[in-house]
Amino acid sequence: CFGDALIDDCGICDGDNSSCSGCTDPNALNYDLEAIIDDGSCTYTLPVSVELNQGANLVSFYALPENLELENFVSPIFNSMSGLITEGSAVTLLNNEWIGSILSIDSLDGYWFVMNENDNLEFNGYPLDSDLEYSLHQGPNLISFPAEGTYLLEDVLPESLYGVVYGIISEGESAYYLDNNWIGFEYFEGGKGYWFKSYEDISFSFNIDSSESIVAR
């Protein structure tokens, strides 16, 4: 170093510590493996924005807030909704009160949001574990997709499901397993809900590697 200059904590002459500063918490979303000085920039939640059109919208969530109680979760779009449906349960809005059997949002489920008008559901949420285990029963199952981004169906769907799950349906699109091939839509997308049609009971987790998302490529 020279003159009155000092070597900073990163080992840089006349530096300001910025070259080795960042988020040092491994549990944070923006953890910096090379940072040795924590600069207070760690983030733990993702911004989620779900565009909901008038009518029925089939969605799921790849990140969720801590409070999943129904009235709290949908309060930002309360005036735009008329109902919410998932597999085997539903609620409807009657005289400004929710009537039905859905009490809270479940990370494993897909949902039909029934809207009176267009609106956006926005919140900050903690990312779901990408290795969530889903337990399918024989017949149709309405489930979530637990990752942000877009992934090739054949990259993330375990081969153990091939031929057991014979159809996957989302809003406006579908894929079917025919002659040892998936025919139909090619990608799973974070934020969409999916019906899995299965010949038998089976449990699985998606094979999600964030580096394999379409954006990452």
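Residues numbered from 1 in each chain as written. Predicted model: local features only at pLDDT ≥ 70, side-chain atom pairs only at ≥ 80, totals over all residues. Heavy atoms only, no water.

Approximately 280 Å³ is the volume found for the largest pocket. Lining the largest pocket are 13 residues, and of these Val50, Glu51, Val59, Gly191 and Lys192 sit closest to its centre. When the residues that make up the lining of the largest pocket are grouped by side-chain class, the tally is five nonpolar, five polar and three charged. Considering only enclosed or pocket space, the second largest pocket measures out at about 210 Å³ in volume. (1 Å grid on protein atoms, 1.4 Å probe; cavity = no way out; pocket = protein on both sides within 12 Å on 5 of 7 lines; lining within 4 Å. Points joined across faces, edges and corners; volume = space filled by probe spheres on them. Nonpolar A, V, L, I, M, F, W, Y, C, P; charged D, E, K, R; others polar.)

So, on to the state of the cysteines. Two cysteines, two sulfur atoms, one covalent bond between them: this is a disulfide. Counting across every chain of the model gives two disulfides. Between the sulfur atoms of Cys10 and its disulfide partner Cys20 the distance amounts to 1.8 Å. The disulfide joining Cys10 to Cys20 has a torsion of about -80° about its S-S bond and is therefore left-handed. Of this pair, Cys10 sits in the segment before β1 (21–22) while Cys20 sits in the segment before β1; the two residues are ten residues apart in sequence, bridging distant segments of the chain. (Disulfide = S-S within 2.5 Å. Helix = DSSP H or I, 4+ residues; strand = E, 2+ residues; numbered from the N terminus.)

Attention now goes to the packing of aromatic side chains. One pass over the structure, following the stated rule, counts 22 aromatic pairs. Measuring from ring centre to ring centre gives 5.3 Å for Phe145 and Phe188, while their planes differ by 10°; the resulting arrangement is stacked. Taken as a pair, Phe145 in the loop between β12 (139–143) and β13 (150–152) and Phe188 in strand β17 (residues 187–189) lie far apart in primary sequence, 43 residues in all. The pair formed by Phe145 and Phe188 is uniform in burial state, with each residue classed as buried. Every member of this aromatic cluster is reached through a ring pair, and the members are Tyr134, Phe145, Tyr151, Phe185, Phe188, Tyr194, Phe196, Phe204 and Phe206. (Phe/Tyr/Trp six-rings, centres within 6.5 Å; stacked < 30°, edge-to-face > 60°. Buried < 20%, exposed > 50% of the residue type's maximum accessible area, 1.4 Å probe, protein only.)

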